[in-house]
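Close look at the chain arrangement
Each chain, written out:
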Amino acid sequence: MEGDPKIKFLLDGGDLLKVRSSNWKKTRYYKLQEDCKTMWQESKKTFKSKQTFSLDEIAAVTLGRQSEGLKKYTEEQVEGRCFSIMFKGRRRNLDLIASSEEEARQWVNSLEKLITHMSNLSPQQKTEHWILACLRKADKNKDEKLSQSELKNFLRLINIEVDDDYAEMIFKKCDKSKSGYLSGQEIEHFYDLLTHREEINVIYGTYAKTAGFMTPENLVEFLMKEQREKATLAEAHRIIENHEPDENVKAKKLLSIDGFIMYMHHPEAMLLNSDHQEVYQDMSQPLNHYFISSSHNTYLMEDQLKGPSSTEAYVRALLKGCRCVELDCWDGSDGEPLIYHGFTLTSRILFKDVIKAIKENAFTTSEYPVIISLENHCSVEQQKVMAHHMNSILGSALITAPLEDKMPTDFPSPEELKGKFLIKGKRLNKLEASYRAEVEAELTDVTEEEESNDEDEEKEKEKSKKKKLKLAKELSDMVIYFKSVHFNGFEDAMKNLSFYEMSSFKEGKAVGFSEESANLFVRHNVHKVSRIYPAGSRTNSSNYNPVPLWNAGCQLVALNFQTPCSEMDVNQGRFLINGKSGYVLKPAFMRDIATEFDPITLTRGDWLKHKMLHVMIISAQQLPKLNKKKSSIVDPMVTVEIYGVPADVAKKETHTVENNGFNPSWNESFQFDVYVPDLALVRFMVEDHDSTSDNEFIGQYTLPFNSLKMGYRHVPLLNKNGDRLPSAGLFVHIMVVDAK
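The protein chain appears in an unreviewed UniProt entry as phosphoinositide phospholipase C from Solea senegalensis. Its UniProt record gives the protein chain the following Catalytic activity (unreviewed entry) comment, quoted word for word: "a 1,2-diacyl-sn-glycero-3-phospho-(1D-myo-inositol-4,5-bisphosphate) + H2O = 1D-myo-inositol 1,4,5-trisphosphate + a 1,2-diacyl-sn-glycerol + H(+)".

Here is the structure:
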């Protein structure tokens, strides 16, 4: 992108007004650094410069007053001059005002172009980019030469600790000119030594039988024998055409070691089956036949007691593929309903602002339907306001009547509901009543089923009379396919409830059912929908393990999306496939009303497909430093975990490699029994081992067992927020065989 005017604009930089509140608006000079990856800011008062963020941390750049902060702290007349940078994870937005509308557009377009370019770089290009940036940083006196001390400093920057003798040996090996420093080709030689992948060379050498190169025939042999893929010569020619960087080698229809490495890093050759990255499942089944990505108390950015509520939390959840969001609705002043966690100190946001944020971001990641789950504590008057806002903002995308002009007998499919919003909440009567021309009251009493905060409150509620909530007809009529009702047992639900009448269960109750009445729960979820939510005691917004609830067929297993944790990693892994649509089709044995499937007892049936999973953890590349101190180097270890039915749950660990986060090697093999592969997930976790305290999390990757590709595979690593670590990864060998 050298010479690109948009990049030149960012490198030159400019003054922007940074907005934090109505009283805090300060001019800062923003500039892209020479690595084309890092933004710096300079204060006009102190002239102090500091790194503010890396482009890898940006989730989105939006033009106009779209963020909550800009809407709240700026006037409408500056709309065209405003833009926001939204970050991954919990970091607050950067809200900025340019001096003109043209300049604001330039900042947004330039940043978007550079971010797109960076995301399209191959892993090898990202590695080169990163290493060159570290080399620049290590070259203290900026003479484009590396002294021995600068070389050792560079090795620390890239997460390798070496003793002085080893550093001296590498230095002398590369210092061909005997000048006492490395420059030009000597640095290139050092780079080649550094990035040499012996494990890849061995694999390549086994199949590169034509003067040190792979022919299309050699490549087909590798793909079939090692990768267990059905490969053709045409496929091999396509790989060479797409991945061979040397035009002379490509012209001879050969693949060099560099081309082979580039191919092995491409998404089509990595661990996740590339066919599963698109929507590949049948999306014409009834909605309740899918696991649906679901969020609890979506409005919260942090904890459940005093943390901030924000429309940004909805944006982040929706961008992560969440398809069921929750709104706790309370009366506000001036007749405008509010969203917040009742009886706590969490901040408050307007209901209408939340609906607008949902409308604007609902279908960016997935085009499949969004369920708006209402926990309604409002007066009748403000319920009417809620109904008005949803009608006026969501318009024709809001489902307010069954798709067919007759009483439905089953759920519509995700395919039929593309781009639509569905309301989950209370309803005054049965949907069938609408087709019997009954005269309905404007409002009446319904039993209020609130999420209780703890077990004692639950018991008290059962003892006392049911609380009554007045329900406005306008809001009631919007509830079509997800009517919330009290659960009175599996037999009652089967006999007395219509398909669209659903119940919500606190995690403890749901886990109890999944252990003690597992088959009944599975059958219940064949014809009904169940929503599970975290216990009220989880005031820090921690999460429960969603897997036992998926094993029982529960569709809406709601988690606190704002909390980085292993449970959210597993949730992200479950919904990684099927185009990240937020809908994953349940196995056939969980869609059969007569199913005998029980995840606890595992009686014989179609679900039993006993497999042996063989995993070899070979090596890792470019693990990030956790502690930014120069002397701090990670001691990595890898854990492989299986999640699924209880019989499949397992965990195994490698040994620890000391003082090497750049290219540690393990070559350790593990074996796992997997009895119900259709429900199993595999998680790879890398930690920094610490003998005196808890290990520190570095990165992880979770995916469904059935989406594993066999053979030699690179595994991308995600940080604690679920975002890709730019250059880090594992190299593994996978084999799945039928158990004898």
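And the narrative resumes.
Scanning the protein chain from N- to C-terminus turns up 22 helices and 29 strands. With respect to the principal axes defined by its C-alpha atoms, the protein chain has extents near 95 × 75 × 55 Å. A separation of at least 24 residues holds for 66% of the contacts in the protein chain among residues at least 6 apart in sequence. Working note: accessible area of the protein chain is about 32,800 Å², and carbon and sulfur atoms make up 49% of it. The averaged location of the 111 negative side-chain charges in the protein chain is 2 Å from the averaged location of its 97 positive side-chain charges.

Turning next to the confidence of the model for the protein chain. Residue-level pLDDT values for the protein chain average 89, and 92% of them are 70 or greater. Here residues 438-442 scores under 50 on pLDDT; set against residues more than four positions off or in separate chains, the count is eleven contacts.

Glancing now at the nonpolar core. If you look at the biggest cluster of nonpolar residues, it comprises 103 residues, and the most contacted ones within it are Leu 327, Ile 358, Ile 372, Leu 374, Met 390, Phe 684 and Leu 730. For Met 390, the residues in contact, after removing those within four places along its chain, are Phe 351, Ile 355, Leu 374, Gly 395, Leu 398, Ile 423, Leu 475 and Met 478. Residues Met 39, Leu 55, Val 61 and Phe 87 belong to the second largest nonpolar core, which totals 24 residues.

This next bit is on unusual backbone geometry. For residues other than glycine, phi is negative in most cases, and the peptide bonds are mostly trans. Unlike most non-glycine residues, Ser 541 shows phi in positive territory, near 65 degrees. Position of Ser 541 among the secondary structure elements: in the loop between strand E19 (530-533) and helix H21 (547-551). Backbone geometry at Lys 580 places phi at a positive 50 degrees, although glycine is not the residue there. Mapped onto the secondary structure, Lys 580 falls in the loop between helix H22 (566-574) and strand E21 (583-585). Of the residues examined, Lys 580 reaches a relative accessible area of 46% and is grouped as partly exposed.

What follows deals with empty space enclosed by the protein. Going through the model one piece at a time under the given rule, you end up with one cavity of 30 Å³ or more. One number sums up the size of the largest cavity: a volume of about 40 Å³. Lining the largest cavity are Leu 16, Tyr 30, Met 39, Phe 53, Phe 83, Ile 85, Leu 94, Leu 96, Trp 107 and Leu 111. Elements supplying a minimum of two residues to the lining of the largest cavity: strand E6 (82-87), strand E7 (94-97) and helix H3 (101-120). Looking at the lining of the largest cavity residue by residue, the classes come out as ten nonpolar, no polar and no charged.

Here the UniProt feature "glycosylation site" (unreviewed entry) sits at Ser 177. Assignment of secondary structure puts Ser 177 in the loop between helix H6 (164-174) and helix H7 (185-195). A residue is classified by how much of its surface remains accessible, and Ser 177, at 46% relative accessible area, is partly exposed.

Our focus in this paragraph is the packing of helix H9 (residues 216-225) against helix H10 (residues 233-243). Contact pair H9 / H10: the axes reach a minimum separation of 9 Å and the direction vectors enclose 105 degrees. The orientation of H9 with respect to H10, classified from their angle, is roughly perpendicular. Residues Pro 216, Glu 217, Leu 219, Val 220 and Leu 223 of H9 form the contact with H10, whose own contacting residues are Leu 233, Ala 236, His 237, Ile 239 and Ile 240. Here the residues of the contact of H9 with H10 sort into eight nonpolar, one polar and one charged.

Here Leu 431 lies in the loop between strand E14 (421-425) and strand E15 (443-447). Take Leu 431: its relative accessible area is 2%, and that puts it in the buried class. With 207 residues separating them in the primary sequence, Leu 431 and Val 638 have C-alpha atoms 53 Å apart. With near-sequence residues (within four places) excluded, Leu 431 lies in contact with Pro 402, Met 407, Pro 408, Ile 480 and Tyr 500.

On to helix H19 (residues 507-516). What H19 keeps buried is the set Glu 507, Ala 510, Gly 512, Phe 513 and Ser 514. The secondary structure elements touched by the buried residues of H19 are helix H18 (490-496), strand E18 (501-506), helix H20 (518-527), E19 and H21.

In this section: the pairing of strand E2 (residues 25-32). Strand residues, when the strand is regular, have side chains that alternate between the two faces of the sheet. Summarising the sheet, strand E1 (residues 14-19) and E2 pair through six bridges and their orientation is antiparallel. By the bridge assignment, Leu 16 is partnered in E2 with Arg 28. Between E1 and E2, which pair antiparallel in sequence order, lie five residues. Relative to strand E3 (residues 38-43), E2 runs antiparallel, the two being bridged by five bridges. Bridge assignment links Leu 32 to a residue of E3, and that residue is Met 39. The antiparallel pairing of E2 with E3 creates a hairpin that spans five residues between the two strands, and Cys 36 there sits at a positive phi of about 55 degrees.

A word on helix H1 (residues 5-12). Owing to its 3.6 residues per turn, the α-helix aligns residues three or four sequence positions apart on the same side. Where H1 is concerned, the buried positions are Ile 7, Phe 9 and Leu 10. For H1, the angular spread of buried residues about the axis comes to 155 degrees, placing them on one side. When the buried face of H1 is taken as reference, the exposed residues oriented beyond 90 degrees from it are Pro 5 and Lys 8. Check the buried side of H1 and you find it contacts E2 and H3. Gly 13 sits one or two positions beyond H1 and adopts a positive phi of about 75 degrees.

This part covers the packing of aromatic side chains. Pairs of aromatic rings are described using the distance from one ring centre to the other and the angle between the two planes. All chains considered together, the criterion is met by 27 aromatic pairs. Plain terms: the ring middles of Phe 291 and Trp 550 are 6.4 Å apart, the flat faces sit at 55 degrees to each other, and that makes the pair tilted. Residue Phe 291 is found in strand E8 (residues 290-292), and its partner Trp 550 is found in helix H21; the two are separated by 259 residues along the sequence. An identical accessibility class is assigned to Phe 291 and Trp 550; each is buried. With a centroid separation of 5.7 Å and an interplanar angle of 75 degrees, the aromatic rings of Phe 513 and Phe 521 are classed as edge-to-face. For the residue pair Phe 513 and Phe 521, the accessibility class agrees, reading buried in each case. Of the aromatic side chains, those joined through ring pairs into one cluster are Phe 487, Phe 490, Phe 505, Phe 513 and Phe 521. Directly above the aromatic system of Phe 87 lies the positively charged group of Arg 91, at a separation of 4.3 Å from the ring centroid. Its end group placed over the ring of Phe 731, Arg 197 keeps NZ or CZ at 5.3 Å from the ring centre.

A few words now on the packing of H1 against H3. At a closest axis distance of 9 Å, the pairing of H1 and H3 adopts a crossing angle of 110 degrees. When the axes of H1 and H3 are compared, the pair comes out roughly perpendicular. As H1 packs across H3, the resulting crossing turns out to be left-handed. Of H3, the residues touching H1 (which contributes Lys 6, Ile 7, Phe 9 and Leu 10) are Glu 103, Gln 106, Trp 107, Asn 109, Ser 110, Leu 111, Lys 113 and Leu 114. Here the contact of H1 with H3 is composed, by residue class, of six nonpolar, three polar and three charged.

Next up on the list: a negative patch on the surface. The grouping of Glu 128, Glu 188, Asp 192, Asp 246 and Asp 258 at the surface amounts to a negative patch. Following the sequence through the fold, Asp 192 ends up in helix H7. Here Asp 192 falls in the partly exposed class, since its relative accessible area comes to 48%.

Criteria and thresholds
Residues numbered from 1 in each chain as written. Predicted model: local features only at pLDDT ≥ 70, side-chain atom pairs only at ≥ 80, totals over all residues. Heavy atoms only, no water. UniProt positions renumbered as here; feature names shortened; annotations may be inferred. Helix = DSSP H or I, 4+ residues; strand = E, 2+ residues; numbered from the N terminus. Contact = heavy atoms within 4.5 Å. Areas by Shrake-Rupley, 256 points an atom, 1.4 Å probe, with all protein chains shown as cover. Lys, Arg positive; Asp, Glu negative; His and termini not counted. Charge placed at Lys NZ, Arg CZ, Asp CG, Glu CD. pLDDT = per-residue confidence, 0-100. Core = buried A, V, L, I, M, F, W, Y, C linked by side-chain atoms within 4.5 Å. Buried < 20%, exposed > 50% of the residue type's maximum accessible area, 1.4 Å probe, protein only. 1 Å grid on protein atoms, 1.4 Å probe; cavity = no way out; pocket = protein on both sides within 12 Å on 5 of 7 lines; lining within 4 Å. Points joined across faces, edges and corners; volume = space filled by probe spheres on them. Nonpolar A, V, L, I, M, F, W, Y, C, P; charged D, E, K, R; others polar. Axes fitted to C-alpha atoms, helices over the stretch in contact; angles between N-to-C directions. Parallel < 35°, antiparallel > 145°, perpendicular 65-115°, else oblique. Pairing = 2+ DSSP bridges. Arc of directions from axis to C-beta. Phe/Tyr/Trp six-rings, centres within 6.5 Å; stacked < 30°, edge-to-face > 60°. Lys NZ or Arg CZ within 6 Å of the ring centre and 35° of its normal. Left-handed = near helix turned anticlockwise from the far one by under 90°. Patch = residues over 30% accessible without salt bridge, like charges linked within 9 Å, V, L, I, M, F, W, Y side chains within 5 Å. Salt bridge = Lys/Arg side-chain N within 4 Å of Asp/Glu carboxyl O.

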